[in-house]
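Take a look at the letters that make up each chain.
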Amino acid sequence: MIELNRLLEANAKQREIDALTQRNAQQAAEFQQRWLWTLFGNGALICAGGAYFLLHLRRSNRKLKILNEKVRRSQNKLQATLDAMPDLLFELGLDGRYYSVHPPQSSLLVAPPENLIGKTVFDVMSAESAGACMSALREAHETGTSFGKQLELKLPHGTFWFELSVARKNVVAGREPRFIGLSRDITERKRMEQALSEREQRYRGIFDNVLDTLYLLEVTPDGRFRNLEVNPAFEKSSGISNTELVGKFIEETVSQEIAELVTAKYRRCIAAGTAIDEELSLDMPSGLRHYHSTLIPVRDDSGRIYRIVGISRDITERKQMERRLEESQHLLRQLAARNEVAREDERRHLKRELHDELGQYLLALRLGISVVDLEFGASNVSLREKTLRLVDMVDSTIKVVRDVVTSLRPAALDMGIVSALEWLAGDYAERTGIQCELHLREDDIHLDDMRATAIFRIVQESLTNIVRHAQATQVNITLEQKSECVWLEVRDNGRGFDPSQRQEKSFGLVGIRERALLLGGKVEISGTPGWVTVRLEFPIHHQPMNAVET
């Protein structure tokens, strides 16, 4: 039992040992399997991590390459921009010291770029120009920017003007402030400004000293007119000061009546679209003024008239002189009319005296001589011869008196204008041998004595001129009475003349025109080689000047 028990115990221990061995072997196998899987997993993880790292590194390199390319392009673009800039670029300190310089043209620098670095503006510029630079730096330091400072530099190849712009640069706190300066060459602009200033001075000298009134108007989009500028002559003529005019609309500076008149004139200028000339009378604060105005429209780029230039000449004195001259001419015509009436009255009186008094005396003298001849001539031959000669002499004197009476005022004129012209045409043809024809559009034309006498004298003067100058062979006289006027024409086939050229001692034509004016009519004298025509037209119901005055 003991042996069996020992054997059983040995078997049991052996089984325990085998089981433990088997379990150890199984655990060893499991451990080996786990270790292999762990090793395999860690290797895969390491490989994945390396691959991910390599991929990320590749992507980073690619991004870095792209960023480097962008930086390079930006640098190239910035460099191209700097190279294309016509302005000088500086980096300066608050003390005016140069830290960098980028000149598009080294000829615009007071010194080569390498000689400027480390120097201050006072080292390379005049005190005045350096002061302008420092003023711009201080302003930029206080406000951040500075614009518009101008400075003059004397360079080796001439004097140049520059405009300086300065901006404060962002720097790390505690570091010295830096500034970016931009200097633009404005020499050409300064020259243009100087030339413009000189032209402005010349313009202002003319504008302020010209005797004519000058003004500039703005045409607003709503069609109103605003005074932009007026010269001293305008102020003096109108009696309105510059401060009351400039910047104000027309209706704000003058009365409504004047505003309506001048506004209508300005609108006519706009409607015409070109310069216009007009005369206008305005009751200004300085009194009644007369102007001859020229208005010139000015167009903008779109073609709209947005300005009007006005040039007005004060013709008040000229108008006053013209009025006095017209009054003088009117008085002279009144005097001429009175003289004409007095002359016609004197002619009537002389005609009556010659016809009645002298004619009777001559007739009585002839009868007396004839009685003497009848009583004593038969017995005294010598006496008869003398009486016959005396009778012939008296007959000649009677004929002379009759001619004088006729020349003073033909008896036919007392019978009307038609009878007078018929007698005049016949007598003219008989005396001169020139064919003279009278054409009447109506059988009878009734005119008062004053108008009939004026027409008769005009025709008579025309026929006298034809005999003296025309060398004509035919004359046609036409008289026609229309509804409200009388029309007369005297036409000859002479050598003609140019009525536009003043004829020496042509008082006959002057007399014709004056008589026409006295009748309230108009006369037209036209001449061509071969024909000369005098045309007269006057209203029937117009009261002649001498009738008005008398």
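Preceding block: the structure.
Every chain is numbered on its own, with residues counted from 1 as its sequence reads. Thresholds applied to this predicted model are a pLDDT of at least 70 for local features of residues and 80 or more for the giving and counting of side-chain atom pairs; totals over whole chains, interfaces and linings are not thresholded and use all residues. Only hydrogens and water are removed before side-chain values are computed, so all heavy atoms of the structure are retained for them.

Caption draft 1: Spotlight on the pattern of salt bridges. Salt bridge, as used here, is a side-chain nitrogen of Lys or Arg placed within 4 Å of a carboxyl oxygen of Asp or Glu. With the rule as written, the count across this model stands at 19 salt bridges. For Asp212, the salt bridge identified is with Arg313, shortest N-O distance 2.9 Å. Remark: Arg313 occurs in strand β10 (residues 305-314) and Asp212 occurs in the loop between α5 (187-209) and β6 (213-219); sequence separation between them is 101 residues. Two residues, Arg318 and Glu279, come together in a salt bridge whose shortest N-O distance is 3.3 Å. Pair noted here: Arg318 is in helix α9 (residues 316-376) and Glu279 is in strand β8 (residues 276-284), with a separation of 39 residues, a long-range link. Buried residues are those whose accessible area, probed at 1.4 Å on protein chains only, stays under 20% of the maximum for their type, while exposed residues exceed 50% and partly exposed ones sit between those limits. According to the relative accessible area criterion, Arg318 is partly exposed, its value standing at 39%. When its relative accessible area of 41% is taken as the criterion, Glu279 is described as partly exposed. Salt bridges sharing partners connect three or more residues here, namely Glu279, Arg318, Lys319 and Glu322. Secondary structure elements are taken from DSSP: a helix is a run of H or I of four residues or more, a strand is a run of E of two residues or more, and numbering for both begins at the N terminus.

Caption draft 2: Just helix α11 (residues 417-432), in detail. A helix is expected to span 1.5 Å for every residue after the first. A rise of 1.5 Å per residue sets the reference length of α11, with its 16 residues, at 22 Å; its end C-alpha atoms lie 22 Å apart and thus fit the reference within 8%. For α11, the complete set of buried residues consists of Ile417, Val418, Ala420, Leu421, Leu424, Ala425 and Tyr428. For α11, the angular spread of the buried residues around the axis is 160°, confining them to a single face. What makes two residues a contact is simply this: any of their non-hydrogen atoms within 4.5 Å. Of the surrounding secondary structure, the elements contacted by the buried residues of α11 are β11 (435-440), α12 (449-470) and β12 (474-481). Positioned one or two residues after α11, Gly433 has a phi angle of 80°, which is positive. Our arc is simply the arc of the directions from the helix axis toward the C-beta atoms.

Caption draft 3: Region of the structure containing the side chain of Glu480. Within the secondary structure, Glu480 is located in strand β12. Filtering out sequence-adjacent residues up to four positions away, Glu480 remains in contact with Arg441, Ile445, Cys485, Val486 and Trp487.

Caption draft 4: Examining the sheet that holds strand β14 (residues 522-528) more closely. The pairing criterion is simple: DSSP has to find at least two bridges between the two strands. On the basis of which strands lie adjacent, the open sheet formed by five strands has the order β11-β12-β13-β15-β14 and mixed pairing. Looking at the sheet topology across the chains shown, the edges are occupied by β11 and β14. In this sheet, neighbouring strand axes are inclined to one another by 10° on average, regardless of whether the strands run parallel or antiparallel. Sheet analysis places β12 next to strand β13 (residues 485-492), joined by seven bridges and oriented antiparallel. Counted as the bridge partner of Leu479 is Leu488 from β13. The angle between two axes is taken between their N-to-C directions and runs from 0 to 180 degrees, where each axis is a line fitted to C-alpha atoms and a helix contributes only its stretch in contact. Relative to β11, α11 is tilted by about 165°, and along the sheet it contacts β11 and β12. α12 contacts β12, β13 and β15 (531-539) of the sheet and is inclined by roughly 15° relative to β13.

That's the geometry; what it means functionally is another story.
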